[in-house]
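So you can see what is in the structure, the chains are spelled out below.
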Amino acid sequence: QLHMVESGGGLVQPGDSLRLSCAASGRTSSSYAMGWFRQLPGKTREFVAGILLPSGNIRYADSLTDRFTISINSDKNTMYLQMNSLRPEDTADYYCAASFPGCMGDACYSIGSMMYWGEGTPVTVSS
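Residues numbered from 1 in each chain as written. Predicted model: local features only at pLDDT ≥ 70, side-chain atom pairs only at ≥ 80, totals over all residues. Heavy atoms only, no water.

Asker: Which residues make up the packing of aromatic side chains, and what values do they have?
Answerer: All chains considered together, the criterion is met by four aromatic pairs. Members of the aromatic cluster, joined through ring pairs, are Phe37, Phe47, Tyr95, Tyr109 and Trp117. A cation sits over an aromatic face here: arginine 45 above tyrosine 95, 3.7 Å from the ring centre. Sitting over the ring of tryptophan 117, arginine 45 keeps its end group 4.9 Å from the ring centre. (Phe/Tyr/Trp six-rings, centres within 6.5 Å; stacked < 30°, edge-to-face > 60°. Lys NZ or Arg CZ within 6 Å of the ring centre and 35° of its normal.)

This is how it looks when you write it as structure tokens:
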């Protein structure tokens, strides 16, 4: 099992950039997925970006592909979400997650494939 801890959230102004980090610790399988999700105020949790391991294949939510970038370090234990040109509508709690062990393929990006979650880090975009 994995323990996930997000960091880097905070209060920023519209147009600013922010980089979130997710530290993962614990035992992992050779094939799994990690991803970022967010929950806007009063809304359900939604997919932001994900990465499959060990392939490194990446997928973004259609509306965020131009502004957000997901990456992971060489040791595969720290994941990042670079957020640029932030807008007030990006205000949300942001969560990192990892899939069940042994997950392979595109279905692993889905929220239903995630079984390990961080507690979230809040991002507020306001002037």
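Asker: Now, about unusual backbone geometry: what can you tell me, with residues and values included?
Answerer: Leucine 53 connects to proline 54 through a cis peptide bond whose omega is 10°. Within the element layout of this structure, proline 54 appears in the loop between β5 (45-53) and β6 (58-60). Look at lysine 76: it is not a glycine, yet its phi comes out positive at around 65°. Judged by its relative accessible area of 37%, lysine 76 is partly exposed. (Helix = DSSP H or I, 4+ residues; strand = E, 2+ residues; numbered from the N terminus. Buried < 20%, exposed > 50% of the residue type's maximum accessible area, 1.4 Å probe, protein only.)

Asker: Can you explain the pairing of strand β1 (residues 2-7)? Please cite residues and give values.
Answerer: Of the two faces of β1, the one lined by Leu2, Met4 and Glu6 is fully buried and the one lined by His3, Val5 and Ser7 carries no buried residue. Bridge analysis of β1 against strand β3 (residues 18-26) gives six bridges, and the strand direction is antiparallel. Across the sheet, the residue bridging to histidine 3 is serine 25, located in β3. (Pairing = 2+ DSSP bridges.)

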